[in-house]
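The lines below spell out each chain.
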Amino acid sequence: MSDSNDNSAVQFGRNETGSNGPIIPKSANEALRPERVPHPPKRSRKARSQVVIFLNFVMTVVVFVALAAAGAVYYAMHEYEKPGPLEANKNFIVRSGAGISEIASNLERNEIITDSRVFRFVSEAYLSNDTLKAGEYEIKAHASMQEIMELLKSGKSILYSVSLPEGLTVKQMFHRLADDPVLVGDLPAELPPEGSLKPDTYKFTRGTDRNEIVKQMTAAQKALVQQIWEKRDPDLPVSTIEEFVTLASIVEKETGRADERPRVASVFINRLEKGMRLQSDPTIIYGIFGGDGKPADRAILRSDLDKQTPYNTYLIKGLPPTPIANPGRAALEAVANPSRTPELYFVADGTGGHVFAETLDEHNANVRRWRKLEAGRAAGAAKATEAAQDAVTQTGTQQ
């Protein structure tokens, strides 16, 4: 057959539908036209269920909340740990009984922290069963909320102190406690017995009650006296713990030198054993002025030695009825275990100490030397005063 017959013959093959049949040629426009896309399959009844829709919603909310919570925790921790706004160290007081909400609000009000809510909620998580302690605290500049919480949790607040030296009377100690501006509250209306308070330096936080310090002093003195009394020399001429404290108070007032106390105690013990009067000037002063003490500008007069009081050991035999001050440890130990000497007298030597004697003749000689020394000092002081007055007079004349 000829070629023209071949070209005009109908060609068979797989058409556009995928089935066998004649291949029908397409124009250019038809070739560019998109084929029909099949419809998506219909959703199943299960997919259209209200329960599934609700669960999807819940999951979405949970994820959203979790992300928000994570963001909030990150923000809170960042705020909690970053340096605070305080530019300089500042004292902050946590009152007794204050809760964490009150503490957080006060910290923010004092511009120590930036957000009281962050401090409160994060601190509660850290503290668990612990608490923030009452007291006065020094907050360092730029301290973070976490550092502040740790400080308040530790209870390491600022400590103040009051010093109550040996030899003060109960009344004098009460005056010092009453004058302290950091302590609060009233002192007991009734004074404790003389000699019952321990001389010492007591530390306390702001707002401590004065009565609490008195309780500490009383308990400390009772324990100290009992401890030393149990280790005393068994041959002491004192039969009760009250007499022991009374004699220690006299030794305390007679000398401030630690090396002399056992020797002074020995003199008084020797006198007691011999039935001699103690003849102690501090007992005369207590009998006249009581717990207020002698004014600094008031000398002991000859007439004072003759005043009848229960404490005038120039007139009474033995010990006075009560201590005349609060003795410290050194005076108590000196009486409990005194030096063993035959000395019966002592008088000031002009240097802050004393000179001791076994006999009255030695003692009188020592007294004469002391009086001569005192007279010389008085004359020197008078000359110095006169010279000063002359200088003032000359200056006035020149003007």
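You'll find the structure just up there.
In this report, the structure presented in the accompanying data block is examined. (Residues numbered from 1 in each chain as written. Predicted model: local features only at pLDDT ≥ 70, side-chain atom pairs only at ≥ 80, totals over all residues. Heavy atoms only, no water.)

## Section: the packing of aromatic side chains
Basically, it comes down to this: Each pair of aromatic rings taken from Phe, Tyr and Trp, with Trp reduced to its six-membered ring, is defined by centres within 6.5 Å and is described as stacked if the planes are under 30 degrees apart, edge-to-face if over 60, and tilted in the remaining cases. Helix and strand labels come from DSSP, where a helix needs a run of H or I of at least four residues and a strand needs a run of E of at least two; each type is numbered from the N terminus. Think of it in three bands: residues with accessible area under 20% of the maximum for their type are buried, residues over 50% are exposed, and the middle band is partly exposed, with areas taken using a 1.4 Å probe on protein chains only.
Scanning the model with the defined rule gives six aromatic pairs in all. Taking 5.6 Å as the distance between ring centres and 15° as the angle between the ring planes, the aromatic pair formed by Tyr-80 and Tyr-126 counts as stacked. Separated by 46 residues along the polypeptide, Tyr-80 in helix 3 (residues 50–81) and Tyr-126 in helix 5 (residues 116–127) bring together distant segments of the chain. Of the residues examined, Tyr-80 reaches a relative accessible area of 0% and is grouped as buried. Residue classification places Tyr-126 among the partly exposed residues on the basis of a relative accessible area of 35%. With centroids separated by 5.7 Å and ring planes inclined at 45°, the aromatic side chains of Phe-346 and Phe-356 adopt a geometry described as tilted. Taken as a pair, Phe-346 in strand 7 (residues 345–348) and Phe-356 in strand 8 (residues 354–357) lie far apart in primary sequence, ten residues in all. By the ring-pair criterion, three or more aromatic residues cluster together here, those being Tyr-80, Phe-119 and Tyr-126.

## Quick look at the pattern of salt bridges
Keep this limit in mind: Take a side-chain nitrogen of Lys or Arg and a carboxyl oxygen of Asp or Glu: if they are within 4 Å of each other, that pair is a salt bridge.
In this structure the tally under the stated criterion is 16 salt bridges. Salt bridges here are not isolated pairs; linked through shared partners, they connect Arg-298, Asp-304 and Lys-307.

## Things to note about the nonpolar core
Going by this rule: Each nonpolar core is a collection of buried residues, namely Ala, Val, Leu, Ile, Met, Phe, Trp, Tyr and Cys, held together in the definition by side-chain atoms within 4.5 Å. Any two residues whose heavy atoms approach within 4.5 Å are treated as being in contact.
If you look at the biggest cluster of nonpolar residues, it comprises 29 residues, and the most contacted ones within it are Val-238, Phe-244, Leu-247, Phe-268, Leu-319, Leu-332 and Val-335. Broken down by secondary-structure element, the contributors of at least two residues to this core are helix 8 (210–229), helix 9 (241–254), helix 10 (261–274) and helix 12 (329–336). Leave out the neighbours within four places in its chain, and Leu-332 touches Leu-224, Val-225, Ile-228, Phe-244, Val-245, Ala-248 and Pro-327. Ala-76, Ile-103, Val-118 and Ile-139 belong to the second largest nonpolar core, which has 24 residues in total.

## Side note on the layout of surface pockets
This is how it is decided: Cavity and pocket criteria rest on a 1 Å grid covering protein atoms alone: a 1.4 Å probe that fits but cannot get out defines a cavity, protein on both sides within 12 Å along at least 5 of 7 lines defines an open pocket, and an atom within 4 Å of a point defines a lining residue. Grid points are joined across faces, edges and corners, and a volume is the space filled by probe spheres set on the points. Just so you know the grouping, Ala, Val, Leu, Ile, Met, Phe, Trp, Tyr, Cys and Pro go in nonpolar, Asp, Glu, Lys and Arg go in charged, and all remaining residues, Gly too, go in polar.
Quantified by volume, the largest pocket comes out at close to 1400 Å³. Lining the largest pocket are 43 residues, with Gln-279, Ser-280, Asp-281, Ile-300 and Tyr-314 positioned closest to its centre. For the lining of the largest pocket, the secondary structure elements donating two or more residues are helix 9, helix 10, helix 11 (281–289), strand 7 and helix 13 (360–398). The element contributing the most residues to the lining of the largest pocket is helix 13, with seven residues. Class assignment of the residues belonging to the lining of the largest pocket gives a composition of 20 nonpolar, twelve polar and eleven charged.

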